[in-house]
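Tertiary structure, described
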Amino acid sequence: MPRLFQTARTLGVASFLALTALPISAQSTDGFTGAYLAARSADANADFEALVEYGTRALAERPDNAGIMEGLLVAHLGLGQIDQAVPVARRLVEMSEGNELGQIVLLGDAMGREDWAAVEDTMNGGFSVGGLMDPLILAWTAIGDGRMSRALEIFEELSQDDVAKQVSAFQKAQALAYVGDYEGAAAILSGEAGVELALNRSGVIAYAQILSQLERNDDAIALLDAQLPNTGDEEIAMLRAELESGATVEFDSVKSPKDGLSALFYNVAEVLANDASPSLVLIYARLSQFLDPENVSATLLCAAVFEDMQNHELAVQTYDQIAPDSRAYVQAMMGKASALRRSDQAEAGIETLTTLADRYPDLAPVHVALGDAYRYEEAWPEAIAAYDRAISLYPEEVAAQWAVYFARGIVNERGGRWDDAERDFRKALELEPDQPSVLNYLGYSLVEKRENLDEALGMIEKAVDQRPNEGYIVDSLGWVYYRLGRYEEAVPQMEKAVSLMPVDPVVNDHLGDVYWAVGRTREAEFQWSRALSFITDETNLEEVKPDRIRRKLEVGLDKVLEEEGGDPILRQESAAAN
């Protein structure tokens, strides 16, 4: 992690305000205390807009409180309000010259204004963003100041370090492409210059654009196919289509030194995304977006962070920042639809996807997303129609399509069309043999239908081998043993499934049945009671039936099976009686 935020801060208003002791006399909820408490509540809910409102009110009562200022900066940065953050940062740095959060805001502001002298003074004045960021910021600053030779010197110095040379090589390639030396950039990105680079998505796009500038569209297409095969990423698909048309694709990854710095901050945010505080990731991503508003990768990352923070409203607002003429527009609208669904606006999400499908009728991923949206709402006919349309658009079969057949199979199964469902599941396995989710779903379905139990067992055993700690799959294995009358073998599998999913009503109900089958009746009744206690409004009552569980508690499983006309339990001599 960059040195800038190596402290244990969570970078939220609550953490900063918690450092500020309130005087005992502060009782009014209309002044500082009220604003303070409201800000803490907003922080807990990742509500940056409320953080700005209440943090500003709190700061009015405590104008010299550094903690509140830092919290406000985080909120402003989270919302992408760099201009509003600057005055707060300036005041904070005046109070505490070494304040890192204030310094990074002012540094970003200087970069945005292309005040390269101020950037260099800051970086040479003792402030450190950390690690490789410092020299690379200075390299792009030198380029902005017209000193390309100095930038190349920095890249050369970094190339001598085993840790730094890959990052430095990529940055150098970007810089060369920016000044029009596409051959030099391609030599680096191809590995011909002596450094093998592992390119991320943005790097692959930049390299493809560079190859196109060199009239090497075929090589660019081969690059996309090798590095990003069958991604379903419509930005990549549209770029590939441009290349196939023979057009010379513009190199727009870096159009200015600010763009180079934007890419640098984005790359750091991308690396931090899996491990660091979401607020820290947002700081880097928002600075990237500020330096290059057309950096759609940074915008999409911000939206993804908001989704992780469960702030779906801000995620929707951020996805809407992607312009309709952007290659990333389709990806953004699919992300927006997902965020709308998660915020209980499923109808609005479906409307977004329907509009997108009308605009791009021949893009299969759009119809897949629409099918998924209908599936979540249990609109089976509409979901099937969308999946049918997506599958009809595939020019050839590829392994990645297994997921679409699997999804359509689920819809067919839920809609009562078992023959169609089984065909879809088996098609998914044809495309992706031994795929554990499909093996488990098909195997479990066959068990429930009492069909091909030996085949079902083989499928589920394969799935468990691949995912031994996946509760649903382990449950399926225990259940097929139960259906086969192999009750003793079912017990450890079901017990493991419950340990993996202790509050799942279906798994607890299954364990109760298995215990009953081996004669552990009191334990069975305990598990059935637990299953009942875990049923909520979100429980799928097709999978677990409360009235049936109550009946089992009343008369036992044997009697229930008799009443249902089901197969009786075949008692084993080794079963332990209570």
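Before reading further, recall that the structure is shown in the block above.
The following refers to the structure shown. Computed from a prediction, not measured in an experiment: that's the story for all the values here.

With respect to the packing of helix 26 (residues 453-466) against helix 27 (residues 471-483)
Their axes nearest at 9 Å, the elements helix 26 and helix 27 cross at an angle of 155°. Judged on the interaxial angle alone, helix 27 and helix 26 are roughly antiparallel. Judged by the twist between their axes, the crossing of helix 26 over helix 27 is left-handed. Listed contacts from helix 27 to Leu 453, Ala 456, Leu 457, Ile 460, Glu 461, Ala 463 and Val 464 of helix 26 are Ile 473, Val 474, Ser 476, Leu 477, Val 480, Tyr 481 and Arg 483. Its residues placed into classes, the contact of helix 26 with helix 27 shows eleven nonpolar, one polar and two charged.

Thoughts on the layout of surface pockets
By volume, the largest pocket amounts to about 1800 Å³. Considering the residues around the largest pocket, the lining is formed by 49 residues, among which Arg 414, Tyr 444, Asn 540, Glu 542 and Glu 543 are closest to the centre. For the lining of the largest pocket, the elements supplying multiple residues, two or more each, are helix 21 (364-376), helix 23 (402-414), helix 25 (436-448), helix 27, helix 29 (505-517), helix 31 (546-555) and helix 32 (557-564). Of the residues forming the lining of the largest pocket, the biggest block, seven residues, is contributed by helix 27.

A word on the packing of aromatic side chains
Tallying each qualifying case throughout the model produces eleven aromatic pairs. Aromatic pair Tyr 182 and Phe 251: ring centres 6.1 Å apart, planes at 70°, arrangement edge-to-face. Highlighted residues: Tyr 182 in helix 11 (residues 182-189) and Phe 251 in the loop between helix 14 (234-244) and helix 15 (257-272), separated in sequence by 69 residues. Looking at Phe 251, the relative accessible area reads 6%, which means it is buried. Taking the centre distance of 5.2 Å and the plane angle of 45° together, the rings of Phe 425 and Tyr 441 count as tilted. With Phe 425 in helix 24 (residues 418-431) and Tyr 441 in helix 25, this residue pair connects regions lying 16 residues apart in the sequence. Across the pair, exposure class does not vary: Phe 425 and Tyr 441 are buried alike. Grouped by ring-pair contacts, the aromatic residues Trp 402, Phe 406, Trp 418, Phe 425 and Tyr 441 constitute a single cluster. Taking the ring centre of Tyr 376 as reference, the NZ or CZ of Arg 341 above it sits at 3.8 Å.

Scoring rules and cut-offs
- Every chain is numbered on its own, with residues counted from 1 as its sequence reads.
- Given that this is a predicted model, residues contribute local features only at a pLDDT of at least 70 and side-chain atom pairs are listed and counted only at 80 or more, while totals for whole chains, interfaces and linings are drawn from all residues.
- Water and hydrogen atoms were dropped before computing side-chain values, which therefore reflect all heavy atoms in the structure.
- For helices, the fitted line uses only the C-alpha atoms of the stretch in contact; every axis is such a line through C-alpha atoms, and the angle between N-to-C directions lies from 0 to 180 degrees.
- Labels follow the DSSP assignment, with helices taken as runs of H or I lasting at least four residues and strands as runs of E lasting at least two, numbered in each case from the N terminus.
- Comment on the angle field: the value is read as roughly parallel under 35 degrees, roughly antiparallel over 145, roughly perpendicular from 65 to 115, and oblique elsewhere.
- Crossings are sorted by hand: turned counterclockwise from the far helix by less than a right angle, the near helix makes the crossing left-handed, and turned clockwise it makes it right-handed.
- Should any heavy atoms of two residues lie within 4.5 Å, those residues are considered in contact.
- Residues are grouped as follows: nonpolar covers Ala, Val, Leu, Ile, Met, Phe, Trp, Tyr, Cys and Pro; charged covers Asp, Glu, Lys and Arg; every other residue, Gly included, is treated as polar.
- Think of a 1 Å grid over just the protein atoms. A cavity is a set of points where a 1.4 Å probe fits yet cannot get out, a pocket is an open set with protein on both sides within 12 Å along at least five of seven lines, and lining residues have an atom within 4 Å of a point.
- Grid points are joined across faces, edges and corners, and a volume is the space filled by probe spheres set on the points.
- Two aromatic rings from Phe, Tyr or Trp, using only the six-membered ring of Trp, form a pair when their centres are within 6.5 Å; if the ring planes differ by under 30 degrees the pair is stacked, by over 60 it is edge-to-face, and anything between is tilted.
- For every residue, the accessible area obtained with a 1.4 Å probe (protein chains only) is divided by the maximum for its type, and the residue is called buried under 20%, exposed over 50%, and partly exposed between those limits.
- By definition here, charges over rings are those cases where NZ of Lys or CZ of Arg is within 6 Å of the ring centre and within 35 degrees of the ring normal.

Read these as layout, nothing more, since geometry by itself doesn't imply function.
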